[in-house]
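# Structural characterization, general
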Amino acid sequence: KPRINNISQQIIRFAICTLTAYLLLLPLHSQVTEVEAAFTREVFVQNVTTTSIDFRWRTDNNTSNVQIKYGTTTTYGSQVNATSPVHAKITGLTPNTKYFYQVVADGQALTPAGSQNHYFKTAPPTGSATPFKFAIWGDSGDAGSNQRPVAAQVEAKNPHINLIAGDIVYHH
């Protein structure tokens, strides 16, 4: 009988130790993001108006927990939540104004914080004489050696608007 009590006590001690370890580690586990998102299609903006803009993207885990931080400085100040796993709309913007942005998914930055390279500019007021430059092309290709020089020329011109006439969807 003493041997059975000894085994029972060992089982109880093991169960208590296991339960204690689980309870101690539970808060740490709940803070860890199990699945981190990464872009499979980088962010692009569309439907730019004087007071609004649409963001589009695609992530590998199709999360809908995406926020766009934005503001007139790289410290942002405002935030909007995604309306679907691939879309967010910002409204209430000021015409002809440059805004910086950062994309965050599941608490993970998908674009760098404070970046001078991640920005958009709202359209000037309707009827404005504000000049602008635009580029238009079709068939963006596959980023091969034929497309890189064209992309470099477009980037060098620094257009305010890029119109892509189509053929931007590829299976890869």
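Residues numbered from 1 in each chain as written. Predicted model: local features only at pLDDT ≥ 70, side-chain atom pairs only at ≥ 80, totals over all residues. Heavy atoms only, no water.

### Points about the nonpolar core
With 20 residues, the main nonpolar core has Phe55, Trp57, Ile68, Ile90, Tyr101, Val103 and Phe120 as its most contacted residues. Listed by contribution, the elements that provide at least two residues to this core are strand E1 (39-46), strand E2 (53-59), strand E3 (66-71), strand E5 (87-90) and strand E6 (98-105). For this core, the element with the highest residue contribution is E6, accounting for four residues. (Core = buried A, V, L, I, M, F, W, Y, C linked by side-chain atoms within 4.5 Å. Buried < 20%, exposed > 50% of the residue type's maximum accessible area, 1.4 Å probe, protein only. Helix = DSSP H or I, 4+ residues; strand = E, 2+ residues; numbered from the N terminus.)

### Topic: the environment of Gly71
Examined against the element boundaries, Gly71 turns out to sit in strand E3. In this structure, the C-alpha to C-alpha distance between Gly71 and Leu93, residues 22 residues apart in sequence, is 9.5 Å. Setting aside anything within four residues of it in sequence, one finds Gly71 in contact with Tyr76, Lys98, Tyr99 and Phe100. (Contact = heavy atoms within 4.5 Å.)

### So, the confidence of the model for the chain
Interpretation of this model should avoid reading the predicted coordinates in detail wherever pLDDT is low. Mean pLDDT for the chain: 77, with 74% of residues reaching 70 or above. Model confidence for the chain, summarised as mean pLDDT per element, is weakest for helix H1 (residues 2-31) at 47 and strongest for strand E4 (residues 78-81) at 96. Scored below 50 in pLDDT, residues 14-35 shows four contacts in the model against residues more than four places distant or in partner chains. (pLDDT = per-residue confidence, 0-100.)

### A word on the pattern of salt bridges
The final tally for this structure, using the stated rule, is one salt bridge. The closest approach of N and O atoms between Asp54 and Lys89, which form a salt bridge, is 3.2 Å. Within this pair, whereas Asp54 is found in strand E2, its partner Lys89 is found in strand E5, the two being separated by 35 residues in sequence. (Salt bridge = Lys/Arg side-chain N within 4 Å of Asp/Glu carboxyl O.)

### Quick notes on a nonpolar patch on the surface
On the surface, Phe132, Phe134, Ile136, Ile161 and Leu163 cluster together into a nonpolar patch covering about 510 Å² of accessible area. Counting only elements with at least two residues in the nonpolar patch, the list comes to strand E9 (134-137) and strand E10 (161-164). On the secondary structure map, Ile161 appears in strand E10. Overall, Ile161 belongs to the partly exposed group, its relative accessible area being 37%. (Patch = residues over 30% accessible without salt bridge, like charges linked within 9 Å, V, L, I, M, F, W, Y side chains within 5 Å. Areas by Shrake-Rupley, 256 points an atom, 1.4 Å probe, with all protein chains shown as cover.)

### Concerning the packing of aromatic side chains
Taken as a whole, this structure holds seven aromatic pairs when the rule is applied. Centre to centre, the rings of Tyr70 and Tyr99 are 6.4 Å apart; their planes meet at 65 degrees, and the pair counts as edge-to-face. Of this pair, Tyr70 sits in strand E3 while Tyr99 sits in strand E6, and the two are 29 residues apart along the sequence. Across this residue pair, the class does not change: Tyr70 and Tyr99 are buried. If you follow Lys98 out to its NZ or CZ, it ends over the ring of Tyr119, 4.1 Å from the centre. (Phe/Tyr/Trp six-rings, centres within 6.5 Å; stacked < 30°, edge-to-face > 60°. Lys NZ or Arg CZ within 6 Å of the ring centre and 35° of its normal.)

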